[in-house]
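Report on the structure
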Amino acid sequence: MGFRFFRQKSTWVVAGLFISIALFSRCGTDASAGIPDTVDFNYHVKPILVQKCYLCHGPDESSRKANLRLDTYEGATALLKNGGRAIDPGHAANSMVVERIYHKDPDQVMPTPESNLKLTQQEMAILEKWIDQGATYDPHWAFIPPDSSLLEKKYKENAVDFFIQQELDERGIKSAPRANPESLLRRVSFLLTGLPPTEKEQQLFLTETNEDAYVKMVDYYLQSPRFGERWARHWMDIARYAETRGHEFDYQIQEVWRYRDYLIRAFNSDIPFDQLVREQLAGDLLPKPRVGPGNENESILGTAFLTMAEGSHSPVDIRKDEADRIDNMIDVTGKAFLGLTISCARCHDHKFDPISAKDYYSFYGVMEGTRFSPQPVNQGSKVQILQNLQQIQEQVRQWAHQQLQESGTANVLLQTNNQQPASPADSGYQVLGNFSGTDLEGWKADGLAFSSRTTLGDPVFNDQYQFMGIREGMASSRKTALGIYGALRSPDFTISTNFIGVEAAGRESVIRIVIDNFQLIRWPIYGNIEQLVSDTKWKQYVFDVGQWKGHKAYIELLPGVYENHVFVQRPDSYVDARYAIAYNKKWIEPANKGLVVSALNRQIKKLKVDPSIQSLLEQESRLRLALRDSLRFFYGVTDGFGKNSPVFIRGNYQELSAEKVPRTFLTALGTRSNNLDVAGSGRLQLAEALLEENNPLTTRVMVNRIWHHLFGKGIVETVDNFGLQGKLPSHPALLDYLSLSFKQHNYSVKQLIRTIVLSETFQRSTVPVNDSKEKDPANTWLSHFPLRRLEAEAIRDAMLAVSGRLDTSMYGPPVPQHITSFMNGRGKPAQSGPLDGSGRRTVYLEVRRNFLDPMLTSFDRPIPFTSFGKREVTNVPAQSLILMNDPFVMQEAARLAERLEKKGLKTREEKIQWLYKNCFGRAATGDEIREANQLLTRLTEKNSRTVWKDFAHTIFNLKEFIYLN
């Protein structure tokens, strides 16, 4: 057998030599064209293996053939059963891979014919040369930290130009000259603010001729309030920003527009990007949150990033609904900050990237331990009042306890009720929470209302300021005062009984059983797991949960109510709770763990307080009243309890691995901050791991996004995928330099943009010179600035700007979506918004998932279901039809004509020149004036009353209006 193999091998070697000789002699240098002297694994070999080999011989064990791995050095060089090796480093002639790729027998050749994959002669030559050179397996390029020495080198001018010119010189490509001032002004204005330059800005920057005029212009636009509106919209694509849930009823996501305003303020203020990473993943957990307008918590607004997934009304399978929702959170987080498709490992190990299913379910545990929650946005201003109030209450409490000591009732005060109820016959009976003692029994109090302990021992006074006794133990949202938000939530438990009971009292509040973190609680399926608390007397609230046995759940008490999934807390809302139980048949009250309060209070004689305490009580009353304002909320997150998830076998939640996966960061990145397995969700630890020194992806990905938005294409073209199926960087050294510089400059987005925009590369003309177009047809090496179309928002905003209709007011609730007669479906708003969006910038228009704006969608604004760091740029008939027939476009053309008439210009030429400068940022040429006059003559013959409106409409339809040159 061995001899036979040797003969076949020897035959192949001879045949292989003849094949190679024949190829090189017949094709000359064709097979070796483009093959470097030293073959690089990441840039030359891995793309071939990923595209042609990894499906059958990659990291995914479930699809691996012949137990052969070509994605690792150990697997590729392991001894095979026949005594050979798939890859024999240094010896291509002895490598079975080379034998199989050159094989003529269809039963032996690799890739197999049925795979429809085939290696080119050049690819085979690359593999052969790489093996002969030692078959080195380098880590994936994106996982290798950048070389810090790049920062230490001295660059004559802008470092961007050094790296760009290096590649151009190597290929003999000449760069285009500098663009004219008008083009540069329009380019900088649109790319930094999303708006065309105004007449005032044209006069300001086109008349200056000194050397620093361009620098002044760039700095002007970087400081413009419009900058944040432009760059916030870029990130909103990544966050899949929408203000409704989609699906059946398109429910509102409560005040999520505050996240949009948060982004605008952040980009305008140049908040360091590492801070934004922490805030969007764990803004509710930061020990020192940022303070925003009104002295409110700004950081917590970032957590809306996690909440904008789509939401189904009454899904039949809420476990699957939860799994899909968490998958979306993982997918968006992975793409946004790491440029990795982590969700591809939901059902199996990633088929290409070194991301295992265990990595995925490690992230799953982090997201599963995160709870969705209303978060107040105007409570921060009350913190000082609340602190003063709590100090007064503590002083009064200490005085009252001293009175108990002095009155001889201390012995009663120390008694506890040791009486236990009879052992219930109900075997499933369980006390989920008993608040008759001093603590909350492991329940989590979020916000300020519930405090960290029960009301047990709090003093009671009558209207005459007489000390009447002390309170019994209960959990109470009004422990400190009314008008404060807080939520009380139990630890997670598995439903094992028919009923859950809560003894509670309150006013306009709610108790919810949150099952599998499902929030859109509503009839017909889930209405019975939410009950309103509107009785100020104690009442037993019974929840029939028999059909949910085996599901995880937690109990939630909120001093407010949900109105069509919008949380509302009124000034007098409150909820008190004594205990919560789970049972099958009979409600049994748990033992009172606290003091014998009633016996103690009977021994207390009414006691008039001294003047100092009365003064404190009067102050307390005034402070309580000061807190009773209506609160506003947005939909955010709060931390639950630490949770490790099992692996879902083949992605099926009904088929779980025996062991749970400890929460860790991606093992392939090997950061020092790897442990996420903490008492809470682990989101803050995840954010820190993303920013860890050993993780090069977060900065590279963000730098690449910024480059993409400025040039229309990233240094890595696949901006959301830095994995093995993503594109290789065109300028890897430049990407690394900018990543290091970004971090060195405290993650300043504005500083990075300034560096790029001040480069000669950015300022080049869009017209290529000489033969550069033939040498570099895709403009990969940037010999000239890329010609690019404006985004949907910029096109619409430009129409508003040139027509004079643009309203530049900032922030606030969105302008309702304009609903046309063709827009129908479930969740349709009762009223339509204005056609022109009240003149507001597009970033302030409502984004309804079931009713997306037709114009914006036609011009490729993405449908918000996952991250889109790179928009498609299509050229379809719908775009031309929109520009010709859309009522908004026609309305703004009419307004532009009205604005022109008000200018009082007398001649046609003056009017044409004004329109060109206003719409294109430049003067019309002689030929353009002649052609415009001809068109105006024809339009006058057709309808003299609308001639300038029709001409303005024509301007909107010219390519120059919607393109940057």
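Every chain's residues receive numbers from 1 upward, in the order its sequence appears when written. In view of the model being predicted, local features appear only for residues whose pLDDT reaches at least 70, and side-chain atom pairs are presented and counted only at 80 or more, with totals across whole chains, interfaces and linings using the full set of residues. The basis for the side-chain values is all heavy atoms of the structure; hydrogens and waters are excluded.

The name recorded for the protein chain in an unreviewed UniProt entry is PSD1 and planctomycete cytochrome C domain-containing protein, from Flavihumibacter fluminis.

1. Here's the deal with the overall build of the protein chain
Just so we agree on the cut-off: In this text, helices come from DSSP runs of H or I with a minimum length of four residues, and strands from runs of E with a minimum of two, each type numbered from the N-terminal end. For every residue, the accessible area (1.4 Å probe, protein chains only) is compared with the maximum for its type, and the residue is labelled buried under 20%, exposed over 50%, or partly exposed between those bounds. Only heavy atoms matter for contacts: two residues are in contact if any of them lie within 4.5 Å across the pair. Only the protein chains shown count as cover for residues, and the accessible areas themselves come from Shrake-Rupley with a 1.4 Å probe.
Looking only at helices and strands, the protein chain features 33 helices and 22 strands. A principal-axis box enclosing the C-alpha atoms of the protein chain has dimensions of 110 × 100 × 55 Å. For the protein chain, with 965 residues in total, the buried portion stands at 56%. For the protein chain, the proportion of contacts with a sequence separation of at least 24, taken over those separated by at least 6, is 74%. Accessible surface, the protein chain: about 41600 Å² in total, of which carbon and sulfur atoms supply 51%.

2. Examining the nonpolar core
In plain terms, the rule: Put simply, a nonpolar core is a bunch of buried Ala, Val, Leu, Ile, Met, Phe, Trp, Tyr and Cys residues held in one set by side-chain atoms that sit within 4.5 Å of each other.
Among the nonpolar cores identified, the biggest contains 162 residues, and Trp235, Tyr259 and Leu710 are the most heavily contacted of them. Excluding its chain neighbours within four sequence positions, the residues that come into contact with tyrosine 259 are Trp235, Ala239, Tyr241, Gln280, Leu301, Gly302, Ala304, Phe305 and Met308. Counting 56 residues, the second-largest nonpolar core is a separate cluster that includes Leu456, Ala504, Ile515 and Val545.

3. Looking at the pattern of salt bridges
Convention followed: By salt bridge we mean one thing: a side-chain nitrogen of Lys or Arg within 4 Å of a carboxyl oxygen of Asp or Glu.
One pass over the structure, following the stated rule, counts 68 salt bridges. The shortest N-O distance in the salt bridge between arginine 171 and glutamate 167 comes to 2.6 Å. Taken as a pair, arginine 171 and glutamate 167 lie in helix α8 (residues 159-171) at a separation of four residues, close to a single helical turn. One salt bridge connects glutamate 530 with arginine 512, and the closest N-O pair in it is separated by 3.5 Å. Placement of the pair is glutamate 530 in strand β11 (residues 530-533) and arginine 512 in strand β10 (residues 509-515), with a sequence separation of 18 residues. Within the structure, one salt-bridge network assembled from shared partners comprises Lys444, Asp446, Arg489, Arg512, Glu530 and Glu556.

4. A word on the UniProt feature "domain: DUF1549" (unreviewed entry) in the protein chain
In plain terms, the rule: UniProt positions are given in the numbering used here, feature names are shortened, and annotations may be inferred rather than shown by experiment.
Per the UniProt entry, the sites bearing "domain: DUF1549" (unreviewed entry) are residues 160-370 in this numbering. Measuring from the first to the last C-alpha atom of residues 160-370 gives 42 Å, for a span that is 53% helix and 0% strand.

5. Remarks on the packing of helix α29 (residues 887-902) against helix α30 (residues 908-920)
As a reminder of what qualifies: Axis definition: a line fit to C-alpha positions, over the contact stretch in the case of helices; interaxial angles, taken between N-to-C directions, run 0 to 180 degrees. Oblique is the label for any angle not covered by the other classes, which are roughly parallel (under 35 degrees), roughly antiparallel (over 145) and roughly perpendicular (65 to 115). Should the near helix be turned counterclockwise from the far one by less than a right angle, the crossing is left-handed, whereas a clockwise turn marks it as right-handed. Following the grouping adopted for this structure description, the nonpolar residues are Ala, Val, Leu, Ile, Met, Phe, Trp, Tyr, Cys and Pro, the charged ones are Asp, Glu, Lys and Arg, and the polar ones are all others, Gly among them.
Taken N-terminus to C-terminus, the directions of α29 and α30 make an angle of 125°; their axes are 11 Å apart at the nearest point. Of the possible angle classes, the one that applies to α29 and α30 is oblique. Classified by chirality, the crossing of α30 by α29 is right-handed. Contact residues: Leu896, Arg899, Leu900 and Glu901 in α29; Lys911, Trp914, Leu915, Asn918 and Cys919 in α30. Residues of the contact of α29 with α30, tallied by class, amount to five nonpolar, one polar and three charged.

6. Observations concerning unusual backbone geometry
Residue proline 111 is bonded to the preceding methionine 110 through a cis peptide linkage, with omega at -5°. Tracing the chain through its elements places proline 111 in the loop between α5 (96-102) and α6 (121-132). Across the junction of tryptophan 523 and proline 524, the peptide omega takes the value 15°, indicating a cis bond. Within the secondary structure, proline 524 sits in the loop between β10 and β11. Positive phi outside glycine occurs at asparagine 517, with the angle close to 60°. The residue asparagine 517 is located in the loop between β10 and β11 in this model. Judged by relative accessible area, asparagine 517 falls into the buried class, the value being 8%. For arginine 650, which is not glycine, the phi dihedral falls at a positive 55°.

7. Let's talk about the UniProt feature "domain: DUF1553" (unreviewed entry) in the protein chain
According to UniProt, the feature "domain: DUF1553" (unreviewed entry) maps to residues 682-935 in the numbering used here. Helix makes up 45% of residues 682-935 and strand makes up 1%, while its end C-alpha atoms are separated by 66 Å.

8. Regarding α29
Condition: Expected span of a helix: the number of residues minus one, times 1.5 Å. For this analysis, a polar contact is any N or O atom pair within 3.5 Å, provided that within protein one partner can donate a hydrogen and the other can accept it, and provided that sequence-adjacent residues contribute only side-chain to side-chain pairs.
For α29, built from 16 residues, the straight-helix expectation of 22 Å at 1.5 Å per residue is met to within 8% by its first-to-last C-alpha distance of 23 Å. Those residues of α29 that fall on the buried side of the exposure criterion are Phe888, Val889, Glu892, Ala893, Leu896, Ala897 and Leu900. Two or three places before phenylalanine 888, at the start of α29, stands the capping residue aspartate 886, its side-chain oxygen 2.9 Å from that residue's backbone nitrogen. Within two residues after α29, glycine 904 carries a phi angle of roughly 75°, on the positive side.

9. Section: the packing of aromatic side chains
For the record, the criterion: Working definition: rings of Phe, Tyr and Trp (its six-membered ring) pair if their centres are within 6.5 Å, and the pair is stacked with planes under 30 degrees apart, edge-to-face with planes over 60 apart, and tilted otherwise.
Taken as a whole and assessed by the stated rule, the structure comprises 49 aromatic pairs. Plain terms: the ring middles of tyrosine 155 and tyrosine 737 are 5.4 Å apart, the flat faces sit at 75° to each other, and that makes the pair edge-to-face. Residue tyrosine 155 is found in the loop between α7 (149-152) and α8, and its partner tyrosine 737 is found in helix α23 (residues 732-744); the two are separated by 582 residues along the sequence. Using a relative accessible area of 16% as the deciding quantity, one classes tyrosine 155 as buried. When the centroid spacing of 5.1 Å and the interplanar angle of 65° are considered together, the rings of tyrosine 364 and phenylalanine 648 count as edge-to-face. One end of the pair, tyrosine 364, is in helix α16 (residues 357-368); the other, phenylalanine 648, is in strand β19 (residues 645-648), and 284 residues separate them in sequence.

10. As for the environment of serine 362
Counting through the fold element by element, serine 362 comes out in helix α16. With a relative accessible area of 0%, serine 362 lands in the buried category. Note: C-alpha distance between serine 362 and threonine 193 (169 residues apart in sequence) is 40 Å. If near-sequence neighbours (up to four positions away) are discounted, serine 362 is found in contact with Val661, Pro662, Arg663 and Thr664.

11. Topic: the environment of threonine 209
Examined against the element boundaries, threonine 209 turns out to sit in the loop between α10 (199-206) and α11 (213-222). The exposure class of threonine 209 is exposed, given its relative accessible area of 77%. Spatially, the C-alpha atoms of threonine 209 and tryptophan 948 are 35 Å apart, while their sequence positions differ by 739 residues.

12. Here we look at the pairing of strand β9 (residues 499-507)
The two faces of the sheet receive side chains in turn, since in a regular strand these alternate between them. Rules: Here, strands pair whenever DSSP counts at least two bridges between them.
The buried count for β9 comes to seven of nine residues, which makes it a mostly enclosed element. In the sheet, β9 pairs with strand β16 (residues 574-583) via nine bridges, with the strands oriented antiparallel. The partner of phenylalanine 499 across the bridge, within β16, is tyrosine 583.

13. A look at the packing of α11 against helix α24 (residues 749-757)
Direction vectors running N to C along α11 and α24 enclose 150°, while the axes themselves pass 11 Å from each other. With respect to their mutual orientation, α11 and α24 come out roughly antiparallel. Where α11 crosses over α24, the handedness of that crossing is right-handed. Every residue of α24 that contacts α11 at Tyr214, Val215, Val218, Asp219 and Leu222 is listed here: Lys750, Ile753, Arg754 and Val757. Taken together, the residues of the contact of α11 with α24 break down into six nonpolar, no polar and three charged.

14. Here's the deal with the sheet that holds strand β17 (residues 607-608)
Strand order in this open sheet of three strands is β4-β5-β17, and the pairing throughout is antiparallel. Two strands close off the open sheet at either side, each with one partner strand: β4 (459-461) and β17. Sheet analysis places β4 next to strand β5 (residues 466-470), joined by three bridges and oriented antiparallel. Bridge assignment links proline 459 to a residue of β5, and that residue is isoleucine 470.

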